[in-house]
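Below, each chain spelled out in residue letters.
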Amino acid sequence: MNKDVTIAAPAQSIVDRYAGLSADAWRWLGALALIALAVVLPFGLSTYHVFELTMVMIYAIAVLGLNILTGYNGQISLGHGGFFAIGAYTTAILMSRYGVPYWATLPPAALICFVLGVLFGLPALRFEGPYLALVTLAMAVATPQVLKYFDTWTGGQQGINLVKPSPPPGIPIDRDRWLYFVALVVLLLAIRIAANMLHGRTGRAWVAIRDHPIAAAAMGIDTARYKTLAFGTSTLFTGVAGALSAIVIGFVAPESFTLFLSLSFLVGSAIGGIATIGGAIVGGFFIQFVPNLANDISDAAPAAVYGVAMLLFMYAMPHGVVGTLESLLVRSVRQIQMRRPNLGGIDEDCKGRKS
Amino acid sequence: MHQFSQQIFSGIAAGAIYASLALALVMIYRATELVNFAQGEMAMFSTYIAWSLVNGGVPFWAAFVITLVVSFLGGMAIERVLVRPVESASVLAAVIVTLALGLIFNSLAGWFYTYTVQDFRSPFPDRPLLGALITSQDLGVIGVTLVMLLLLFTFFRFTKTGLAMRAAAQNPESARLCGIPVGRMLAIGWGLAATIGATAGIMVAPVLFLDPYMMSGVLLYAFAGALLGGITSPVGAVIGGLIVGVTENLVGTYLIPTQLKLTLALVLIILVLMFRPNGLFGTAIVRRV
């Protein structure tokens, strides 16, 4: 079904060692450098920019959730804004009504979104391809209405105001920087969990179901179980992102969770690379900054930019930024290998493994 | 009882709109096997064209015809340029492209005509008929839809192009071997769908008022109608659209508050897909391995 969405082969399958270090070591080094940068960065930026970067990370978690479902499992969802809203409202209601501390609202938000995702995933087993897109589209459109209607819980049109949490005593940074680090920790955790799932048995089952459901079932993969699991995992990630957004923004209202939000996740996912993990971060940057920039031109510009970006990426770069970069990297590493066959010592291998 | 019959009639009028849009969706689905998420926005944009023509002094029915022609050509152009490359690609690519198309039309409308809600004057005299059972607006909508359906039926049943289009939709390979230009037939399919959508948009605009988000709710109900009738069946789409229209009006009047109308569409879609995924008149899609 998804012929043109494939995962770029990881670099390590092509090159064993480069400049004395294994590909795995290079990856860890790169990741550590990025994390170090992320830790230092907030101290050189204004509070507002720190807030913006926090939102980038939150969107990245949400897009990562969508990538698991749509990119790796092939189930199209246009309704993840709805699950983002459920996460946000769970946190908001727990904090404002029951005085639960902010950090303690994340597990219940995750749990609720996981359970709802599994429940939604059960009927979704019967909806293939465009039908699932349709159902989730309807869900995204209906979300603000439902939120407004149950106003005893959700505060209706006015929404719910929250007090921004302070850092624990003894940590000498301001609220926004503290929340930045909270989001960073959650993002890193989310990436780690996603990578473990996707690179293991579960991930292989998801990809097999995406690429050929019938063959996957014939090989003994319990498609129903893995598809609902993908749905639950995906909505869990997105729900946690929603919960974080409620804490960081300190406010939830129905109009923040329109169809546009769901489409934002899809656009971010497509631009970053729908079947990648790193693409989620690119997607987060896109969602946070591009519509705002476009808004300066005209009210209509954000939607136009989204539309045009979706078309351009579908035609020119169907694997997204990260997917394309990965395959470029693999290709250039391979070329270096070809030029100096003794270094890698895998030239025989390479010929037989044209991926 | 009087209110009940009134609701039935206005349900049929609303259903006629849903039926038209559902028919447009089914046409595109039969021809290219993709669900056109941009159908509503395309119809909305066509309606804006008609609105600006009428505002420019063109008589209503002339503006109506011009809009239909422009929509037809526009629909063909969209198929040729944007949809053709993803026709054989994945479902995801097709969904993304039609969504993108919808977003672009929405923003173009906002750009050219602003997001202010516009009044779209009804072409039908404002007069209640049959003892206030039905407004002339509703009767007009039903009439125009009937005429359109009749024309479409005649076209597909009695013309050579109609036959060729049915062949192209049913079996593209064999049709191509018979010398039918399948690509052109698909483009005509998109053109016709855009025309049908434009009719629906112009008919519904006096009731809903015109703004770039006018069709988003209508599209959901049209989806529900198309699925209920069976997304492969044109007759089913019309009947499904009518059933959805009447249901929406009755349930909206007697059972649930209007704020939850869109949720009703969601529930309808889910129920149909769960209990009758092929719809009332659709055929099961058989997949060969």
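Predicted, not measured: the structure shown is a model, and the values here were computed from it.

J.: I would appreciate a short explanation of the packing of helix α11 (residues 259-272) of chain A against helix α14 (residues 320-339) of chain A in the present structure.
T.: Describing two packed helices takes the angle between their axes plus the distance from one axis to the other. Residue and element names in this part refer to chain A. Following both chains from N to C, one finds α11 and α14 inclined at 10°, their axes separated by 3 Å at the closest point. As judged from the angle between their axes, α11 and α14 are roughly parallel. Contacts between α11 and α14 involve A270, I271 and G272 from the former and G320, V321 and V322 from the latter. Its residues assigned to classes, the contact of α11 with α14 comprises four nonpolar, two polar and no charged.

J.: Please explain helix α4 (residues 106-124) of chain A as it appears in this structure.
T.: For an α-helix, 3.6 residues make a turn, and residues three or four places apart therefore share a direction. All names here are of chain A. Across its 19 residues, α4 extends 26 Å between first and last C-alpha, which sits within 8% of the 27 Å expected from 1.5 Å per residue. Among the residues making up α4, those that are buried are L106, A109, C113, F114, G117, F120, G121 and A124. With its buried residues spanning 140° around the axis, α4 presents them on a single face. Packing partners of the buried residues in α4 comprise α3 (80-98), α5 (129-149) and α10 (223-249).

J.: What am I meant to see in α14(A) here?
T.: Between its terminal C-alpha atoms α14(A) stretches 29 Å, which fits the 28 Å expected from 20 residues at 1.5 Å a residue. For α14(A), the set of buried residues is G320(A), V321(A), V322(A), G323(A), E326(A) and Q337(A).

J.: Looking at this structure, how should I read the nonpolar core?
T.: In summary, soluble globular proteins display a tendency toward joint burial of nonpolar side chains. The biggest cluster of nonpolar side chains holds 207 residues, and the ones touching the most others in it are I61(A), A138(A), L21(B), L25(B), A224(B) and I269(B). The element contributing the most residues to this core is helix α1 (residues 2-32) of chain B, with 17 residues. Discounting residues that sit within four places of it in the chain, A138(A) has contacts with L220(B), A265(B), L266(B) and I269(B).

J.: I tried to follow the interface of chain A and chain B on my own but got confused; where do I start?
T.: Interfaces are often sized by the amount of accessible area the parts lose when they come together. Contact with chain A, which involves 42 residues of that partner, is made by 38 residues of chain B. Of all the secondary structure elements, the ones that give two or more residues to the side of chain A that touches chain B are α5, α11 and α13 (301-316) of chain A. The element best represented in the side of chain A that touches chain B is α5(A), accounting for 15 residues. The residue inventory of the side of chain A that touches chain B, partitioned by class, reads 31 nonpolar, six polar and five charged.

Cut-offs and rules
Residues numbered from 1 in each chain as written. Chains lettered and ligands numbered in written order. Predicted model: local features only at pLDDT ≥ 70, side-chain atom pairs only at ≥ 80, totals over all residues. Axes fitted to C-alpha atoms, helices over the stretch in contact; angles between N-to-C directions. Helix = DSSP H or I, 4+ residues; strand = E, 2+ residues; numbered from the N terminus. Parallel < 35°, antiparallel > 145°, perpendicular 65-115°, else oblique. Contact = placed C-beta atoms within 7 Å. Nonpolar A, V, L, I, M, F, W, Y, C, P; charged D, E, K, R; others polar. Expected span 1.5 Å × (residues − 1). Buried ≥ 20, exposed ≤ 12 C-beta atoms within 10 Å, placed from the backbone. Arc of directions from axis to C-beta. Core = buried A, V, L, I, M, F, W, Y, C linked by C-beta atoms within 7 Å.

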